[in-house]
Amino acid sequence: MQCQICSKKTATIHLTEITNGVRTEFHFCEQCAVQQGIAAKSQISVNELLGNLLASQPTDDELTGLTESETTCPQCGFQLSQFRKEGVLGCPNDYVLFEKALLPLIEQAHNGKTRHCGKVPARVPQDVKNQIARANLKEQLKSAVKLEDYERAAQLRDKLKQMATGKKPSVS
Amino acid sequence: MKLTDFSKDINEWLSGSGPMSDIVISSRIRLARNLAGHSFVSRCSVEEKTEILSQLKETLMSIDLGDKLIYVSVDETSDLSRDFLVERHLISRHHAMGKGPRGAVIACREFFTGMINEEDHLRIQVLKPGCQLSECAKLINRIDDEIESKVEYAFCSQYGYLTACPTNLGSGIRTSVMLHLPALKMTGHIDKFLAAAKDLNLAVRGLFGEGTEAVSDLYQVSNQVTLGVSEASIIDDFEKRVIPEIVDYEISARKTLLGDQVNTLDDKISRAMALLQNAHLISSQEALFLLSHLRLGINMQKYLGASTPAIDKLTALFKIEAPEDRDVSITKINRLFMLTLPAHLQINHGKSLDPSNRDALRAKIIRSALGQN
Ligand SMILES: [Zn+2]
Ligand SMILES: [Zn+2]
């Protein structure tokens, strides 16, 4: 359904008004609704984010210097160009295969962060757990320094040192 | 257990109980997970989806949650049932409108849902009334551990839990609270709140239907960043900073209304009462908008001891004499919020109704709840 105001975008906001027993329906796109003061502007949508990022990026071929056939995931058949349309990836392997193209997007979506911090499944090997635990500590250290909590920062630094010496360092 | 068993009443999370429930209506945490060794949902064949569905269904149904679990085959159920589940926040609109084999495992008391083959293979959510994010986190973590002992999740050390959309990468957690912010709206401060939320990397959405932000006064605030921050620090930030700040902001707007903007307040409450008691046709959006003002009036009397001509009339209308009557009234209003939504109306009516008949039935239910004919 088209927006009743601009007649260009898809209507995503639907309002119903009843005056003198007559029911009227309105259909607006988000932008026009905001201009009309109907909808409050929400956080930038995922599609908008993807749209902005991908529009400013070189095409797959320019980016990787690979031909179309080479930028197809052998496991799921996914091509980066489909991401533009669908906003989702095809399989876990795509994160490895298209890392170069995805990384700037991941960074923007996550406020500059590119490394996992937090829960780890129990079955994950111990060295990976240690690696993530270190990332956790570094993250906490950064925020302690930012908050000028130097006492806590010192504690975290000690813990990090302990981890580095106490356990056999794993490749990271 | 049928859907109609749910439909006569409201769910636990909308009961109006729980900490800070005058402003924080409910707390929710959801986790996005995918199975290792499979493509993401959009690239799965029907056979693969069916296989994933049966594996995850069996896993979820075997979890001991101290409540009966029901399974809904979302692709096979009617449009009306799907809408109903969306209205109750038990499944997402995306799941309702999806394609192919998909389902939902729901706890009868509605505090837990697992959606299978939504955008990700599995999305689990825990919902509780009031401000209870830590409690939600504890429960969902236990559920996640139990699932994880039976299936292998797609996970890598750099990006954490791998999700179909890169915006959910990392912990895959979405922490949200549903807030009732009518005074911020009335005093014209809602835009400042929205701008502040954006600066804090929070997403704000209107609730009950799509894009009804401006009419329902109910907002869902959730985290956007899921990579590079731990679950604990997201929840901590919500409980120690985000929620108290927004709640304080709404309370000070309520005090402003009682001060030099008392005419604005009384006008809104009086109009809401008059319309709800007398309308014979009322749309879902209008009902939500007006009920929101009644809810505000009763909570202002309860928490701020407010007494204005309109609030006094309101407490008389709801026959509020003892303090516990106020809780009954809030529950009554919350119930009207939910039971007058389109799919709820039709399921309770026993058949589908066109929009104008829905508007008439809705008006009738509200009038009778407010003691009118
Ligand atoms: Zn438009
Ligand atoms: Zn792939």
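Novice: What should I look at first to understand the domain arrangement of chain B in this one?
Specialist: Often, the extent of an interface is quoted as the loss of accessible area on bringing the components together. Residue and element names in this part refer to chain B. In terms of domains, chain B is made up of domain 1 (4–253) and domain 2 (262–369). Taking only C-alpha atoms, the centre of domain 1 and the centre of domain 2 are 27 Å apart. Of the roughly 2500 Å² buried at the junction of domain 1 and domain 2 (both faces included), carbon and sulfur atoms supply 67%. Looking only at domain 1, the three residues that lose the most surface to domain 2 are L80, E87 and M186, adding up to 25% of its buried area. Seen at the junction of domain 1 and domain 2, the total is zero salt bridges.

Novice: Looking at this model, I keep getting lost on the confidence of the model for chain A. Mind explaining?
Specialist: Residues and elements named next belong to chain A. Averaged over all residues, the pLDDT of chain A is 74; the fraction at 70 or higher stands at 66%. Looking over chain A, one finds the lowest element-wise mean pLDDT in helix α3 (residues 60–64), namely 46, and the highest in helix α5 (residues 94–97), namely 94. Under a pLDDT of 50 for its full length, residues 56–69 has, in the predicted model, 18 contacts with residues more than four places off or in other chains. Across residues 168–172, where pLDDT falls below 50, the model places six contacts with residues more than four positions away in sequence or in other chains.

Novice: I would appreciate a short explanation of the side chain of E118(B) in the present structure.
Specialist: Residue and element names in this part refer to chain B. Looking at the secondary structure, you find E118 in the loop between β4 (112–116) and β5 (122–129). A polar atom in the side chain of E118 sits 3.3 Å from the side chain of R123. Residues in contact with E118, not counting those within four places in the same chain, are V41, S92, H94, H95 and R123.

Conventions adopted
Each chain has its residues counted from 1, running along the sequence as written. For this description, chains carry letters from A and ligands carry numbers from 1, given in the order in which they are written. Totals for whole chains, interfaces and linings use every residue, but because this is a predicted model, local features are given only for residues with pLDDT of at least 70 and side-chain atom pairs only at 80 or more, for both listing and counting. Water and hydrogen atoms were dropped before computing side-chain values, which therefore reflect all heavy atoms in the structure. As used throughout, domain bounds are those supplied by an automatic or database domain assignment. Buried area adds together the accessible area that both of two parts lose upon being put together, with accessible area traced by a 1.4 Å probe. The term salt bridge refers to a pairing of a side-chain nitrogen on Lys or Arg with a carboxyl oxygen on Asp or Glu at a separation within 4 Å. Every residue carries a pLDDT, the predictor's confidence in it, which falls somewhere between 0 and 100. Numbering of helices and strands runs from the N terminus, with a helix taken as a DSSP run of H or I at least four residues long and a strand as a DSSP run of E at least two residues long. In what follows, residue pairs with any heavy atoms lying within 4.5 Å of each other are defined as contacts. N or O atoms within 3.5 Å of each other form a polar contact, as long as, within protein, one can give a hydrogen and the other can take it, and as long as residues adjacent in sequence are counted only when both atoms are side-chain atoms.

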